[in-house]
Amino acid sequence: MMYAWDFNVLWQYWDLFMYGLWLTVVYTVGSIVFGVAIGLVVCAARLSGWKILSFIARFYQEIFRCTPLLVQLLWFYYAFPMLVGVSIDNHVAAMLSLSLYVGAFYAEIFRGGILSIERGQREAAAAIGMSPWQSMTRIIMPQAVKRMLPAFINQSVIQFKNTSLVSVISVADLAYMAAVVNSQTYRPLESYTVMALLYIAVLFPLTQVADWIERRMRVSD
Amino acid sequence: MSRTANMPVDDKVILHGRDIRKSFGALDVLKGVDVALTRGEVVGLIGPSGSGKSTLIRCLNMMETPSAGEIVFKGRRIGRKFRDSGDACGIGTLRRHVGMVFQHFNLFPHKTVLQNVTEGPIIVLKMSKAQAEEHALDLLAQVGLADKRDSYPSQLSGGQKQRVAIARALAMKPDVLLLDEVTSALDPELVGEVLQVIRRLADEGMTMAIVTHEMAFAAEVADRVLFLDGGNIAVEGTPDETIRNPSNERLAAFVARFNH
């Protein structure tokens, strides 16, 4: 049997796809920004040398790294409101889970990058009288960021794709909109293929740029 | 001979480690060592590995925190904080005046040779960039590396890296320079060029403490030699009394190992 492709019927739904893609980008960028902030704080806590603080940070990381994002979304949307007695908007639940989820991974990437810098670098900075802050910002971080970059970009690419899960709590992202279009047109092949192509259209150029940045930053090595 | 018998104790002492003890867990690496550096003096620290000589030199700029005892810089006791507090001199202040060169160079790989040397003066001493660069280029010329100013450390040989590291320490215009086995990681043919730089510093009157396994070199440049053994200063004296004509049995056995 031959399937007759027909993308033309999708044209009238183009604005739905575009709106969905826009939300996907918003959730990705938003959760990356919050996630970086969370990751920095958690990383600092883990490296603080203060046991209680480090334990709490570790506890958070393990909770969010060891449960699926889908489970976290469902929990924040359906379970958490019962716990606190306040209903939570699905957009808030989505942004909250996405940020906490990626923050746990970012913290580990930051920590790994900082710890990968040899002790001698910190000592050399200290030996010329640098304060711990100067040593961290001028000597350790510039080198650590370079080492973190591939893992950071990789995690962010995964994050972009992970946002598709927010559709299960009715956030109208790209995946959600593709399902809507499918239900209107009964054209799953076209609807979901367009969705897949739109994900690729955004991510492929980004991964290329990432590779290029990585190559450029290797100059001094 | 008492350990502190010929210890110079006067106002010419710049850096003084008093009764320094250091333990790592149950291991007592330093068991109460006194060492005083007088202005212009070169002190050689020798001894078998594990004797505590590197730990001692690292205590002198608080790279290791002594378990007991104190470091005194120009008459001021060094505290435990980075900044000066009360009458205690801060660790940061100490390190601005006491430079250190490491066995493994520890150059900043993301900075050029010139930036490695100017980093301290610009960031810590708040010197202007132009002034710092002028001074740095002068120092790089002195260690024979002026043409490498824009290279990255990864493009240099071990000997060149160590000469840059010495220039980086000198850029702070230190009162004292601590050298911790600075030739131990070098290929044999590169040792000479680094020793040559240190020799000149000694001639120019730089106050230095040198941990080294180069016995002939220690005998040549040191005014005073300390032989550490098991966390104590076992023998202290001139190069003649120590390296060239050791009377102490353990020191004699130690030195003999380097003479063939």
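Residues numbered from 1 in each chain as written. Chains lettered and ligands numbered in written order. Predicted model: local features only at pLDDT ≥ 70, side-chain atom pairs only at ≥ 80, totals over all residues.

1. Focus on the overall build of chain A
The condition that has to hold: Helix numbers and strand numbers start at the N terminus; a helix is a DSSP run of H or I with at least 4 residues, a strand a run of E with at least 2. C-beta atoms are placed from the backbone for every residue, and two residues are taken to be in contact when these atoms lie within 7 Å.
Across its full length, chain A carries eight helices and zero strands. Secondary structure of chain A in N-to-C order comes out as α-α-α-α-α-α-α-α. C-alpha atoms of chain A, sized along the principal axes, occupy 75 × 50 × 30 Å. For chain A, long-range pairs separated by at least 24 residues make up 73% of all intrachain contacts whose partners lie at least 6 apart in sequence.

2. Comments concerning the sheet that holds strand β6 (residues 98–101) of chain B
Residue and element names in this part refer to chain B. Stated formally: Here the rule is simple: two strands pair whenever DSSP picks up at least two bridges between them. Orientation is described by lines fitted to C-alpha atoms, with helices fitted over the stretch in contact, and by angles between N-to-C directions that extend from 0 to 180 degrees.
Taken together, six strands build an open sheet; the order of strands is β6-β7-β8-β3-β9-β10 and the sheet is mixed. Bordering the open sheet on either side are β6 and β10 (232–237), each of which pairs with just one other strand. Across the sheet, the mean angle separating the axes of adjacent strands is 20 degrees when strand polarity is ignored. As paired elements, strand β9 (residues 224–229) and β10 share five bridges and run antiparallel to each other.

3. Digging into the pairing of strand β1 (residues 13–24) of chain B
Residue and element names in this part refer to chain B. Here nine bridges tie β1 to strand β2 (residues 27–38), and the two strands are oriented antiparallel to one another. Paired with I20 across the two strands is V33, which belongs to β2. Hairpin remark: β1 followed by β2, antiparallel, with two residues in the connecting loop; positive phi at G25, about 60 degrees. Relative to strand β4 (residues 68–73), β1 is paired through five bridges, and the arrangement is antiparallel. Bridging across to β4, G17 finds its partner in I71.

4. Here's the deal with the interface of chain A and chain B
We apply this condition: Classes in brief: Ala, Val, Leu, Ile, Met, Phe, Trp, Tyr, Cys and Pro nonpolar; Asp, Glu, Lys and Arg charged; the others, Gly included, polar.
Across the boundary between the two partners, chain A contributes 17 residues, which contact 22 residues of chain B. Elements supplying a minimum of two residues to the side of chain A that touches chain B: α5 (119–127) and α6 (132–162) of chain A. When residues of the side of chain A that touches chain B are assigned to their parent elements, the largest contribution, six residues, is made by α5(A). Partitioning the side of chain A that touches chain B into residue classes produces seven nonpolar, seven polar and three charged.

5. What about the sheet that holds strand β5 (residues 76–77) of chain B?
Across a sheet, paired strands are connected by hydrogen bonds in the backbone, their directions being either parallel or antiparallel. Residue and element names in this part refer to chain B. Judged by pairing direction, the sheet is antiparallel, and its four strands sit side by side in the order β2-β1-β4-β5 without closing on themselves. One side of each edge strand has no neighbouring strand; the edge strands of this open sheet are β2 and β5. Across the sheet, helix α1 (residues 53–60) touches β1, β2 and β4, and the angle it forms with β1 is around 125 degrees.

6. Here's the deal with unusual backbone geometry
Residue B:M62 is not a glycine yet carries a positive backbone phi of 65 degrees. Looking at the element boundaries, B:M62 is found in the loop between α1 and β4.

7. Digging into the confidence of the model for chain B
Residue and element names in this part refer to chain B. Worth spelling out the cut-off: The quantity known as pLDDT measures the predictor's confidence residue by residue, on a range of 0 to 100.
Counting all residues, the mean pLDDT for chain B is 92, and 95% of those residues have values of 70 or more. Across residues 1–9, confidence stays below pLDDT 50; counting only partners more than four residues off in sequence or on other chains, it has nine contacts. Under the prediction, the complex receives an ipTM of 0.91, its pTM being 0.85.

8. Focus on the packing of helix α5 (residues 158–170) of chain B against helix α6 (residues 188–203) of chain B
All names here are of chain B. Definition in use: The cut-offs work like this: below 35 degrees is roughly parallel, past 145 is roughly antiparallel, 65 to 115 is roughly perpendicular, and the gaps in between are oblique. When the near helix sits turned anticlockwise from the far one by under a right angle, the crossing is termed left-handed; a clockwise turn instead gives a right-handed crossing.
Two elements in contact, α5 and α6, have axes whose closest approach is 8 Å; the angle formed by their N-to-C orientations is 15 degrees. The angle between the axes of α5 and α6 places the two elements in the roughly parallel class. Judged by the sense of rotation from one axis to the other, the crossing of α5 with α6 is right-handed. Facing α5, whose interface residues are G158, G159, Q162, R163 and I166, α6 presents L190, E193, V194 and V197. A breakdown of the residues in the contact of α5 with α6 according to their chemical character gives four nonpolar, three polar and two charged.

9. Some points on α6(A)
Residue and element names in this part refer to chain A. Filter applied, for reference: One fewer than the residue count of a helix, multiplied by 1.5 Å, yields its expected span. Think of it as a crowd count around each C-beta: if 20 or more other C-beta atoms lie within 10 Å the residue is buried, if 12 or fewer it is exposed, and in between it is partly exposed, with C-beta placed from the backbone throughout.
Relative to the 45 Å expected for 31 residues at 1.5 Å per residue, α6 spans just 37 Å between its end C-alpha atoms, considerably shorter than the ideal helical length. The set of residues buried in α6 consists of I139, Q143, A144, M148, F152, S156, Q159 and N162. Structurally, α6 contributes buried residues whose contacts are with α1 (14–47), α3 (69–84), α4 (90–115) and α5.

10. Observations concerning the packing of α1(A) against α4(A)
All names here are of chain A. Where α1 contacts α4, the two axes come as close as 6 Å, and the packing angle between them is 45 degrees. One element, α1, and the other, α4, form an angle in the oblique class. Once α1 is placed against α4, the crossing between them reads as right-handed. Split by residue class, the contact of α1 with α4 holds 18 nonpolar, six polar and two charged.

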